[in-house]
Amino acid sequence: MKAPIIRKVEQITVSHFYECHRGTLELQLLNSPLGMSRSIQQPALNRPGLALAGYFGYFAHERIQIFGAAEMAYISTLCGEERTERLRRIVSDDVPCLIITRAAEVPQDLLDMANSCSVSIFRSTLPTMKFVNRATLILENEFAESTTMHGCMVDVRGVGVLITGKGGIGKSEISLGLVERGAALVADDMVRIRNISGALIATAPKLSSGFIEIRGLGIINVTNLFGLRAYCRASKIDLVINLTDGEMTEMDRLGLERKMFSILGVDVERINLPVAPGRDMTRLVEVAALGHYLHESGYDMAGEFNRRLHKEIRERSQRHKR
């Protein structure tokens, strides 16, 4: 299997952040759009409480600045040159943008300073912690390492299964069979994968989302045929099943050794499953997914059989010695 090409995001623009997520974050632009071209270089947020108090030693100027109720209340206590100096230093310190939560009113002097420094100010109706939680997840997703792999992705009873193998080996047909048995299709042919906080999250390209291609039948919309439960927008990758046309080793036949495959630096269990005439591959993939679930829950089927086998060998050996 070829190593996937890894894509890294070093920065996004404020414009991209606003246009893509203003609905989820309930954002409204309050001042000049000149700051939209600024870049966000870190997938984290900063609440500038210490900076407002006059300490800039560890001011995270490269992060989006969040002004919640506490920050706005403290600003109202500042006046004169002290207020002007602290606010101006925050907006002029190359920050990406400022976001005011809880739909709070923004002082005119702060708006004027931001306009003079070409820094955008947004207001959100969300409570501060809810905004921070949503925005943090969004930024982690935006900055996550990503790659694209050839294969099919299905959610089998809560187990995310990535099916790989050479073209024409039957990946899509197996995926369709799994959907018929109650699984949900995530992606067919091209699977987009992101490493979000150590979890591999798979999605489909927007164009092919919800569709699967079957040789001889063409393009199929799984929700039209099987209902909404047949499609899943995203799923964690728990197991990789690589379809092969080769022979299995004795160790593979017993299933005692778990083989791992690295995607974006995260190790995932991989099973090489030979395809042969007469084998019910759909059923085998489903059983593999359920077996993985049991193993993750603490039950090792192959290990239990191996222990029984060794116990039987010991007992027979002792009987022969008598």
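Worth saying up front: this structure is predicted, and the values here are computed from it rather than measured.

S.K.: Describe unusual backbone geometry, and please don't skip the residues or the numbers.
M.R.: Phi angles above zero are rare outside glycine, and Arg157 is one such case at about 50°. Following the sequence through the fold, Arg157 ends up in the loop between β8 (145-156) and β9 (159-164). Take Arg157: its relative accessible area is 60%, and that puts it in the exposed class.

S.K.: Describe in detail the UniProt feature "binding site: Mg(2+)" (unreviewed entry) in the chain, supporting the description with residues and values.
M.R.: Listed under "binding site: Mg(2+)" (unreviewed entry) in the UniProt record, and renumbered for this structure, are Ser172 and Glu213. Across 42 residues in sequence, these annotated residues keep their C-alpha atoms within 6.7 Å of one another, forming a single compact spot. Overall, Ser172 belongs to the buried group, its relative accessible area being 13%. Note on placement: Glu213 falls in strand β12 (residues 211-214). Look past the residues within four positions of Glu213 in its chain and what remains in contact with it is Ser172, Asp188, Gly218 and Ile219.

S.K.: I'd like to hear about the confidence of the model for the chain, residue by residue, with values.
M.R.: Looking at the chain, the pLDDT average stands at 92 and 95% of residues meet or exceed 70. In the model of the chain, helix α9 (residues 250-254) stands out as the element of lowest mean pLDDT, 56, in contrast to β9, which has the highest, 98.

S.K.: Describe the UniProt feature "active site" (unreviewed entry) in the chain, and please don't skip the residues or the numbers.
M.R.: When the UniProt feature table is mapped onto this chain numbering, "active site" (unreviewed entry) sits at His150, Lys171, Asp189 and Arg253. Tracing the backbone through its elements, the reader meets His150 in strand β8. Sequence-distant contacts of His150, that is, excluding residues within four places in its chain, are made with Thr164, Gly165, Lys171, Asp189 and Met190. Side-chain polar atoms of His150 contact the side chain of Asp189, separated by 3.1 Å. Examined against the element boundaries, Lys171 turns out to sit in helix α7 (residues 171-180).

Parameters and conventions
- For every chain, the first residue of its written sequence is number 1, and the numbers climb from 1 along that sequence.
- In keeping with the model being predicted, local features are shown solely for residues with a pLDDT of at least 70 and side-chain atom pairs are shown and tallied solely at 80 or more, while totals for entire chains, interfaces and linings include all residues.
- Derived side-chain values reflect all non-hydrogen atoms in the structure, with water molecules and hydrogen atoms excluded from consideration.
- The numbering of helices and of strands both runs from the N terminus, where a helix is a DSSP run of H or I of at least 4 residues and a strand a run of E of at least 2.
- Think of it in three bands: with a 1.4 Å probe and only protein chains considered, a residue is buried below 20% of the maximum accessible area for its type, exposed above 50%, and partly exposed in between.
- UniProt positions are given in the numbering used here, feature names are shortened, and annotations may be inferred rather than shown by experiment.
- We call two residues contacting when some pair of their heavy atoms lies within 4.5 Å.
- Known as pLDDT, the predictor's per-residue confidence is scaled from 0 to 100.
- Any pair of N or O atoms that falls within 3.5 Å is considered a polar contact. Within protein, one atom must be able to donate a hydrogen and the other to accept it, and sequence-neighbouring residues count only if both atoms are side-chain atoms.

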